[in-house]
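# Notes for the structure review
One letter stands for each residue in the lines below.
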Amino acid sequence: MKSTTDIQMSNVIVNSFNEIYTSYYKKSFFFAKSYVHDDLAAEDIASESLIKLWEKLKTEKIDYIEPLLLTILKNKALDYLKHEEVKRTAFESMVDWHQQELSIRISTLESCDPNEIFSDEVESIIRETLKLLPEQTRRIFLLSRFENKSNKEIAEQMGISIKGVEYHISKALKALRITLKDYLPLFYFFFYY
């Protein structure tokens, strides 16, 4: 059964968007808000729906305006809610991942034993790794990390460029990072400054 408003709107050429807006905005807003529970989103849904209705009215003869408007509102509200659901699921996944990562860091740090850091095993790994390095790389690394010489001092002593010193140090650090993978926090503690 047609409402009075439907009869008036479909029998008369709608003169302006303002007529539609004035007649339907408030009820469209409250309908959308009752589902999306967000004023700004409900305003957007209501406005977009009324624009879509206006565009349809300009191109088609519509006998029942309110059911069409309700269908448009329903679809736009559903799109919004589905999008919110995807965002919420993604956010929860991120929170879960961050929580797991934080738990791992906490348990790793709790199990960190300073006596183990300076254990014979770690020292042995470092010694064996350094032995496998080319002589020049090993010498430059020892001067840098164990004799606390600057890159400039090492470059002058070894007769190479500062870039060459940086290359050899980087090469040694890469080898140590691989062999000390089970002791990675120690690697940073010992060799980065």
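Scroll up to find the structure.
Residues numbered from 1 in each chain as written. Predicted model: local features only at pLDDT ≥ 70, side-chain atom pairs only at ≥ 80, totals over all residues. Heavy atoms only, no water.

Once that is clear, we can look at the packing of aromatic side chains. One pass over the full model with this rule turns up six aromatic pairs. Residues Phe141 and Phe146 carry aromatic rings whose centres are separated by 6.3 Å and whose planes lie at 75° to one another, so their mutual orientation is edge-to-face. The exposure class assigned to Phe141 is buried, which follows from its relative accessible area of 0%. Owing to a relative accessible area of 47%, Phe146 belongs among the partly exposed residues under this scheme. One aromatic cluster is present, built from ring pairs that chain together Phe17, Tyr21, Tyr25, Phe29 and Phe30. (Phe/Tyr/Trp six-rings, centres within 6.5 Å; stacked < 30°, edge-to-face > 60°. Buried < 20%, exposed > 50% of the residue type's maximum accessible area, 1.4 Å probe, protein only.)

On to the environment of Leu143, then. Relative to the elements of secondary structure, Leu143 occurs in helix 7 (residues 135-145). You can call Leu143 buried: its relative accessible area is 0%. Linking Leu143 and Glu153, residues ten residues apart in sequence, is a C-alpha distance of 9.2 Å. Not counting chain neighbours up to four residues away, the residues in contact with Leu143 comprise Asn148, Lys149, Ile154, Gln157 and Met158. (Helix = DSSP H or I, 4+ residues; strand = E, 2+ residues; numbered from the N terminus. Contact = heavy atoms within 4.5 Å.)

Here the focus is the nonpolar core. Grouped together as the largest cluster of nonpolar side chains are 21 residues, with contacts concentrated most on Ile20 and Leu53. Secondary structure elements with two or more residues in this core: helix 2 (17-36), helix 3 (39-59) and helix 4 (65-110). Looking at this core element by element, the count peaks at eight residues for helix 3. Those residues in contact with Leu53, other than ones at most four positions away along the chain, are Ile20, Ile65, Leu68, Leu69 and Ile72. Core analysis: the second largest hydrophobic core is formed by 15 residues, Ile126, Phe141, Leu143 and Val165 among them. (Core = buried A, V, L, I, M, F, W, Y, C linked by side-chain atoms within 4.5 Å.)

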